[in-house]
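In case you want the letters, here they are:
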Amino acid sequence: MKRFVQLVLFSASLICASQALANQQGNNPSLISISIQSESNQPAAGSTEPLAITMIPKEGWHGYWKNPGDAGFPTSFNWTLPKGVSIGEIQYPAPSQLVTSDIMNYIYHGEYALLATLVVDKSVPQGSKLPIKLGISYLVCNPQTCLPEQQTIEKTLTVGDGKVTPESQKIFNQWRQKLPKPLDAKGQFSVEDDKFTLSLPLPSSIQISKAHVYPLINNTIVNNAKQALAHNGDVLTMQTQVGEEKSDVFNGVLVLDNGISLSFEASKTQHIAFTPSQHSDDSNVSREQGSNSSTWLIGLAALLGAIVGGLLLNIMPCVFPILSLKILSLSHQGSEKQAKVGSVAYTLGAVLVCVILGGVILGLRSLGHQVGWAFQLQSPAVIAGLIVLMSAIGFNLAGLFEIGTLTSGSRLQDQKGPMGDFWTGVLAAFIATPCTGPFMATALGAALVLPIGIAFIIFAGLGFGMALPFLLVGFIPALRTRLPKPGAWMITARRILSLPMFVTVLGLVWILMRQANNDFVLLVLAATMLSTFGLWLTGLWQHSQHKGKWWPALLLTLMPFLAVVYGVPSALSTSSISQKTDLTTVVFNQEKLNELRSQGDVFVYFTADWCLTCKVNEKTSIDREEVQAALKQNNVVTMVGDWTNGDSEITAFLSQHNRSGVPLYLWYKKGVDEPIVLPQILSPSTLLGQATN
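Residues numbered from 1 in each chain as written. Predicted model: local features only at pLDDT ≥ 70, side-chain atom pairs only at ≥ 80, totals over all residues. Heavy atoms only, no water.

Counting through the fold element by element, Gly-465 comes out in helix α10 (residues 452-475). Measuring from C-alpha to C-alpha, the distance between Gly-465 and Ala-350 comes to 9.1 Å, with 115 residues separating the pair along the chain. Residues within four places of Gly-465 in sequence aside, it is in contact with Ile-307, Gly-310, Leu-311 and Asn-314. (Helix = DSSP H or I, 4+ residues; strand = E, 2+ residues; numbered from the N terminus. Contact = heavy atoms within 4.5 Å.)

Below, the structure is given as structure tokens:
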């Protein structure tokens, strides 16, 4: 089942991989500093020369072992070497463990060095230059997020006498000491009833209370499963849960209590007896139970927050008209069964979209891509599709054409009724996701770091909360009796409810203007007009019972929209925020933030053009004259992170603060590492209080 979930997440991630990769482009400095060092800068012809690839992660970040564990990918190396020179296999020092939400990773904290052997052929002349070029791809992570990086490292050696300085020999000896020492004798392992049992020759005098076995091949054992170890004379046995990769040979590294590591190879046998240590087993079980209990409590709190947040989303202008008409349509249901089926179908649509969007995000993040909630609105193509769709709904409500669309409820009395309800739930959930920030940022942030099963439950809770009003009306007859009776007034209500839909369209056009050039915006508006004309023709043909009534709508919607998708600009427009910065307002940068915090107070906020809450807070609070005057008077620097088009550095920073989207408002006091997290609904008094305190 676990492998199936991983496959689903990986497949879902492919849908948006191109967009996520585009979001990561930029000139951000590398999070791991890499260099190539040689023990001798003048290797002799016909000799072998030790090389070291030094890896220095930035503070709070880490690199990965040869087997990265449950998440991430191994480092890849692409060497370009001169004639007569070859390179041996990369040797890794022993790793350490990092467990995050039941995901086991094998990592390196701090600086580490990967060693390799350079072989110089004896035919290479003395004094020859040896240009060495290495293309390296790797994953760098902190406890909340991961980023894939690539670098090209170059070093030139000169063929000489092979002399090694004492300083160079000393540091290379230190690096060699960290490599696993090969175990003299082979071990054995057996697989019985999903249990993997390993037997290795190891003197009983060696402490094993904190020892751990790291598999070289991933998934040969379950990485996050408990490893029970026991000594039987001079034989060490370890038992854990077997993985899905089957082999007759098991290679791994045993790291002992004193930090010494041993590499070994074990061959498969039929049976190995194992007697676990009772004390160790009991303490491990108790620790696992406590961890699981804490995880589920956090998950339950996040689920309740998601349901409440989803419920509040129904007041958004893009959702309220749809929900209102769907609820009113229940007032003239022919049977209670139809009302219940319709409400369940709507709920399924809303829940499915939230789960799929959550799955895509989790899948992309597991591959190292930086995306967050409402990531779909960072794509101009998605914005264009929503403009066409919301315009069609608005004109339908306004009475330009009558097709029995998702919002009208006119098909609830025939066999296609539940399907219409289902797609209404799908639409409402998809367009409401950008508005989740002020209601459930903490819940969604928790979902991205909790185990996958709990995360999916939280995403489903958001959809359930959105559908809850419709579900209650469908299942409680007393609520339906309080609804107004159908009549001519419903036509007027529909016309009025078209206004929020047109407001939503205007908002989407404004967002698109910030993301793309004028030519693309004009192309989208032309496609919208053609689609509306096609829908109007389809409505007329339906009333006249004309054959092929759907062809005008299909042709005049799909063909222009294909042109829109083809015309998506390759480079997004420059953020308006970066154009209006001054001495006291700067664009977000992690290194710049660290520098400014030591000089004075810094107000950091993250926004996006498609985030309604962000824009309201900026208009009513941040951009107020008295607030700006107070910030300037007290020498407070304002740092703005624009997430409109997606930004991997901002996404990583949001993840560090357990947020999956915007807005986020932080106030750093001078010299204080931890910021004050401000409310997501700002007021001028909140900012004035921080500035003058």
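We now examine the sheet that holds strand β21 (residues 637-642). Pairing in this open sheet of five strands is mixed, and the strands run β19-β21-β20-β22-β23 from one edge to the other. Pairing within the sheet leaves two strands with one partner each, and these edge strands are β19 (585-587) and β23 (676-677). With three bridges connecting them, β19 and β21 associate as parallel partners. Counted as the bridge partner of Thr-585 is Thr-638 from β21. (Pairing = 2+ DSSP bridges.)

Evaluated as defined, the whole model comprises 19 aromatic pairs. Ring geometry for Tyr-108 and Tyr-112: centres 4.3 Å apart, planes at 20°, overall stacked. There is no split in this pair, since Tyr-108 and Tyr-112 are both buried. Between Phe-395 and Phe-502, the aromatic rings sit 5.1 Å apart at their centres with planes inclined by 65°, giving edge-to-face as the arrangement. One end of the pair, Phe-395, is in helix α7 (residues 380-398); the other, Phe-502, is in helix α12 (residues 489-515), with 107 residues separating them in the sequence. Looking at Phe-502, the relative accessible area reads 24%, which means it is partly exposed. Connected via pairs of aromatic rings, a cluster forms that spans Phe-189, Phe-196, Phe-250 and Phe-264. (Phe/Tyr/Trp six-rings, centres within 6.5 Å; stacked < 30°, edge-to-face > 60°. Buried < 20%, exposed > 50% of the residue type's maximum accessible area, 1.4 Å probe, protein only.)

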